[in-house]
Amino acid sequence: MTTRHENHAVVVGAGIAGLLAARALSDHVAHVTILERTRVDDAVGAAPTAAGLWPACTLTPPTLALLEARMPGLAGDLLRAGAVPVARDGAPSNAYRPVDHPATLALTERLVLDTVRRRLLHDHPNVSVHDGVHAERALLTGRRITGVSAAGAAMNADLVVDATGRGAQLLASAIEDGVEAPTATSVVLSMDYRTRIFARSATAVAMASTARDARGGRVATLAPIEGDRWAVTLGTWPARTAPTTPAGFSAAIETLGDPALAMVVDGCEPRSSLGHATLARTRLRRPHLSTTPLDGLVLVGDSLCTLDPLAGVSVRSASLQAHMLAAALSQHAVVSPELTAAYHRWAGAAVERPWREGSGAATVASRPRAQAPARVARSLARLERSLAR
Ligand SMILES: Cc1cc2nc3c(=O)[nH]c(=O)nc-3n(C[C@H](O)[C@H](O)[C@H](O)COP(=O)(O)OP(=O)(O)OC[C@H]3O[C@@H](n4cnc5c(N)ncnc54)[C@H](O)[C@@H]3O)c2cc1C
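Model, not experiment: these values are computed from the prediction.

K.L.:
Before we move on, can you summarise the sheet that holds strand 11 (residues 183-199) with the specific residues and values?
P.N.:
Pairing is antiparallel across the open sheet formed by five strands, whose spatial order is 12-13-14-11-15. Of all the strands in the sheet, just strand 12 (209-213) and strand 15 (275-286) have a single pairing partner and so form its edges. For this sheet, the mean inter-axis angle between neighbouring strands, taken without regard to orientation, is 20 degrees. As defined by bridge partners, strand 11 adjoins strand 14 (residues 229-236) across eight bridges and the pair is classed as antiparallel. For I197, the partnering residue across the bridge sits in strand 14 and is A231. Where helix 6 (residues 246-254) meets the sheet, it contacts strand 11, strand 13 (218-225) and strand 14, and its direction lies at approximately 80 degrees from that of strand 14.

K.L.:
Please set out unusual backbone geometry residue by residue, giving values where relevant.
P.N.:
In this structure, the amide linkage connecting W237 to the following residue, P238, adopts the cis form with an omega of -5 degrees. Looking at where P238 falls in the secondary structure, it is placed in the loop between strand 14 and helix 6. In this structure, A151 takes a positive phi of about 50 degrees despite not being glycine. As for its placement among the helices and strands, A151 is situated in the loop between strand 8 (144-150) and strand 9 (153-156). The class of A151 is exposed, set by 12 C-beta atoms lying within 10 Å. Positive phi outside glycine occurs at S190, with the angle close to 50 degrees. Tracing the backbone shows S190 in strand 11. Judged by C-beta crowding, with 16 C-beta atoms within 10 Å, S190 ranks as partly exposed.

Calculation rules
- Residues numbered from 1 in each chain as written.
- Predicted model: local features only at pLDDT ≥ 70, side-chain atom pairs only at ≥ 80, totals over all residues.
- Pairing = 2+ DSSP bridges.
- Helix = DSSP H or I, 4+ residues; strand = E, 2+ residues; numbered from the N terminus.
- Axes fitted to C-alpha atoms, helices over the stretch in contact; angles between N-to-C directions.
- Contact = placed C-beta atoms within 7 Å.
- Buried ≥ 20, exposed ≤ 12 C-beta atoms within 10 Å, placed from the backbone.

So, in structure tokens, the structure goes:
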């Protein structure tokens, strides 16, 4: 399909999914406008945890390859910005693992968003970001979404992208206005995530570790992040068993018996209070299965499918969705119901299997939850191999 230079797309949300969708759109429409309710000097993109911490993020080689395919040079940018190369070689849990080769990058999500945003704006002048703009509703003309309302004014668009995260706010407003709610499956996870940042000596070996106690419903990760810091995250399920004080957090980490994690929570100077995030349920929406599929509105990232954060595959899933959006845009006109149907079908296929396996949606009762992240990662890797063929 040839590029339609007269078209305008609006992306609502400057989290990783919104930024990558904007990159895909930049090749196919004349103007891409990103609306982000937060301000860049407060926070770039996705909201930090309740205590103002940015989640630590690990980007594995397949994820970096997908990102590089959309934004050549990005991995180098991330390294120069302070991302720490670590090895995640699948060694057994509870092992102290010094790492010495740049296989995976560890960093905060904020650094990912800053770096991706900078490269997007630098290389694609037809993309603009407006911070501090809250999009209130999707605008409907007949059955098609034709724009958004923001700050009391209407902004018309040939395509609207809902990248608002778990709440899928634009979709929710469209449903209130009579659009058919997409088929969705949700699974209760009742996960609680607590993160604390610790000082790391600049000369300390970069190590990453994961320790699990499936029976006790706990998993902890240690990641070296930019600024010579460690990020320690503890996931607990059910959520009500989460420790709520720094001392309780350290005690819970110690009982996992991982020497690297224990060394950090016991011996390193804390640099933050406890950050807090939750995931009550995970949901996969399938708009292409509705009787009247969505027209003019594309769902990306958590608004299409939420994955357990500790699986570490959300950025990869957002990258895959951006690939699917680019593929749909290369085959269908921007203003056509076929575009949104094709995108949702392909993006849904890309995330459905890992989501089903990761969430335990297939056999919720019998799956041990702690194995889910590994299954998600394996499934996504399989999917990427098949896409690469
Ligand atoms: C503790 C923790 C650890 C994690 N670790 C990893 C990891 O290792 N690897 C990984 O890949 N992922 C990780 N994640 C998951 C990752 O943070 C999210 O899944 C991912 O950011 C979702 O991206 P998104 O762009 O879909 O949504 P979000 O990041 O939620 O972004 C949505 C954006 O939309 C904006 N917005 C919402 N409504 C409006 C509106 N009405 N108008 C304008 N703007 C709006 C919000 O301000 C926000 O910036 C982790 C998450 C947590 C909590």
